[in-house]
Amino acid sequence: MAHSIVNGKNRWTLNDVLGINQVTILSVVFNTTEVGTFTNVAIAGSNETENKTAKNDTVVTTPDFKVDKIALNKTVIVGELVNFEIFVRNTGLVDLTNVFVEETDYGQGLEFINSYNLGNWIESNEQGKHIWRYNGTFAPGEAHGFFVVFNTTEEGNWTNVVTAGSNETENKTDNESVEVLEPKFEIKKITLTPTVSVGEQVTFEIVVTNTGVINLNNVVVEEFEYNGLVFDHAFGLGHWSESAVGGKHKWTYNNGFSIGQAHGFFVVFNTTEAGNFTNVVVGSADKTENKTANNTVEVIE
């Protein structure tokens, strides 16, 4: 067939006679530039006949998908694990192949531990990044996901970013943030009688304050060191319960420490010799590091 442009339209002319019951075929190729339903109309004719038309509708779609990252525990304490679900759904009308998910960024406060419930996802580490590739085809409407686990190492708000893509689509990202809290407290030991004579008693006040943004549990104060002083008794205990462990006096607070709350008590020591004596206490609470406080008393003859 000979091709020509007539009045801006493509025309093909058969360079031979079309015999009785003879069939000739012409194939044409079009590029698709936008989404929609498009009708292609062709007109055929000859010297011996009237023109006839034929048409065909073509549906043009764009492959598409959605990726979601969901934090299953959005607020945790430093040292606790945080779990994310990663979910990919084929929202288009055609199959997707070589679908992948990459952990792109997760901040200095998160430390990757592992993934689980992978199904057909295959995990690899490429140039220091964790990548999962789906071993199969994503049919239209299908959704497949898995879970990832991170340790929390620092206080702060940390955002985890994933990138997903396929052979048929451009890459997309999604992110989710978690708040990592750190329990904090302050312990003070105050000498109420900074100077006493030998044989007199010296009194200290011990105060613990919750300086963090979450409640404290299992708050404990221990008399760690008091050389030159002889423990006599404690008073003003309130919710503090006293015990002796390994020869050391210990007080445990029997309720939770709310944010900003301070609770204390008093301890009394006997003095038996002259000198400057330092009394050291150690404070602790769940999921915190121990802290110490001390104060010195002068004992004179």
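Predicted model, so just to flag it, every value in this text is computed and none were measured.

Quick look at the overall build of the protein chain now. Within the protein chain, the regular secondary structure consists of 0 helices and 24 strands. Taken against the 2.2 N^0.38 rule, which gives 19 Å for 301 residues, the C-alpha radius of gyration of the protein chain at 39 Å runs more than 25% over that of a compact globule. By principal-axis analysis of the C-alpha atoms, the protein chain measures approximately 135 × 35 × 30 Å. Within the protein chain, buried positions represent 35% of all 301 residues. The long-range fraction of contacts in the protein chain, counting pairs at least 24 apart against all pairs at least 6 apart in sequence, stands at 67%. Summing over all exposed atoms, the protein chain offers an accessible surface of approximately 17,500 Å²; the carbon and sulfur share of this is 47%. Counting 18 positive and 38 negative side-chain charges, the protein chain places the averaged centre of each group 10 Å from the other.

Taken as a whole and judged by the stated rule, the model has 9 salt bridges. The partner of Lys-69 in a salt bridge is Glu-103, with the nearest N and O atoms 2.4 Å apart. Pair noted here: Lys-69 is in strand E5 (residues 65-71) and Glu-103 is in strand E8 (residues 100-105), with a separation of 34 residues, a long-range link. Overall, the relative accessible area of 3% leaves Lys-69 in the buried class.

Attention now goes to the pairing of strand E24 (residues 291-300). Relative to E24, strand E16 (residues 195-197) is paired through 3 bridges, and the arrangement is parallel. For Val-196, the partnering residue across the bridge sits in E24 and is Val-299. Both strand E23 (residues 275-284) and E24 contribute to a ladder of 9 bridges, which runs antiparallel. Pairing of Val-281 across the sheet is with Ala-293, part of E24. Between E23 and E24, which follow one another and run antiparallel, lie 6 residues, and Lys-287 among them has a positive phi close to 60°.

On to the sheet that holds E5, then. A sheet is described by the order of its strands in space; here 4 strands give the open sequence E5-E7-E12-E9, paired in antiparallel fashion. The strands lining the two open edges of the sheet, one partner per strand, are E5 and strand E9 (110-116). Taking the axes of each pair of neighbouring strands and ignoring which way they run, one obtains an average angle of 25° across the sheet.

For the rest of this paragraph, the subject is unusual backbone geometry. What is expected of a backbone is that most residues other than glycine have negative phi and most peptide bonds are trans. Even without being a glycine, Asn-117 presents a positive backbone phi close to 55°. Residue placement: Asn-117 occurs in the loop between E9 and strand E10 (121-126). At Asn-218, a residue that is not glycine, the phi angle is positive and equals roughly 55°. Position of Asn-218 relative to the elements: it lies in the loop between strand E17 (201-210) and strand E18 (220-225).

All right, on to the environment of Gly-109 then. As for its position among the elements, Gly-109 is in the loop between E8 and E9. On the basis of relative accessibility, which here comes to 0%, the residue Gly-109 falls in the buried class. Along the primary structure Gly-109 and Ser-243 are separated by 134 residues, whereas in three dimensions their C-alpha atoms are 38 Å apart.

Before going further, it helps to spend a moment on the environment of Gly-228. Mapped onto the elements of the fold, Gly-228 is located in the loop between E18 and strand E19 (229-235). Separated by 101 residues in the primary sequence, Gly-228 and Gln-127 have C-alpha atoms spaced 61 Å apart. Excluding residues that lie within four positions of it along the chain, Gly-228 makes contacts with Thr-272, Glu-273 and Phe-277.

Glancing now at the packing of aromatic side chains. Tallied over the full model, the rule gives 20 aromatic pairs. Judged by centre distance (5.1 Å) and plane angle (10°), the rings of Tyr-116 and Phe-147 are stacked. With Tyr-116 in strand E9 and Phe-147 in strand E12 (residues 143-152), this residue pair connects regions lying 31 residues apart in the sequence. Given a relative accessible area of 18%, Phe-147 falls into the buried group. Relative to Phe-265, the ring of Trp-251 lies with its centre 4.9 Å away and its plane at 40°, an arrangement referred to as tilted. Here Phe-265 lies in strand E22 (residues 262-271) and Trp-251 lies in strand E21 (residues 248-253), a separation of 14 residues in the sequence.

Reading guide: rules and limits
- Residues numbered from 1 in each chain as written.
- Predicted model: local features only at pLDDT ≥ 70, side-chain atom pairs only at ≥ 80, totals over all residues.
- Heavy atoms only, no water.
- Helix = DSSP H or I, 4+ residues; strand = E, 2+ residues; numbered from the N terminus.
- Rg over C-alpha atoms; globule rule 2.2 N^0.38 Å.
- Buried < 20%, exposed > 50% of the residue type's maximum accessible area, 1.4 Å probe, protein only.
- Contact = heavy atoms within 4.5 Å.
- Areas by Shrake-Rupley, 256 points an atom, 1.4 Å probe, with all protein chains shown as cover.
- Lys, Arg positive; Asp, Glu negative; His and termini not counted.
- Charge placed at Lys NZ, Arg CZ, Asp CG, Glu CD.
- Salt bridge = Lys/Arg side-chain N within 4 Å of Asp/Glu carboxyl O.
- Pairing = 2+ DSSP bridges.
- Axes fitted to C-alpha atoms, helices over the stretch in contact; angles between N-to-C directions.
- Phe/Tyr/Trp six-rings, centres within 6.5 Å; stacked < 30°, edge-to-face > 60°.

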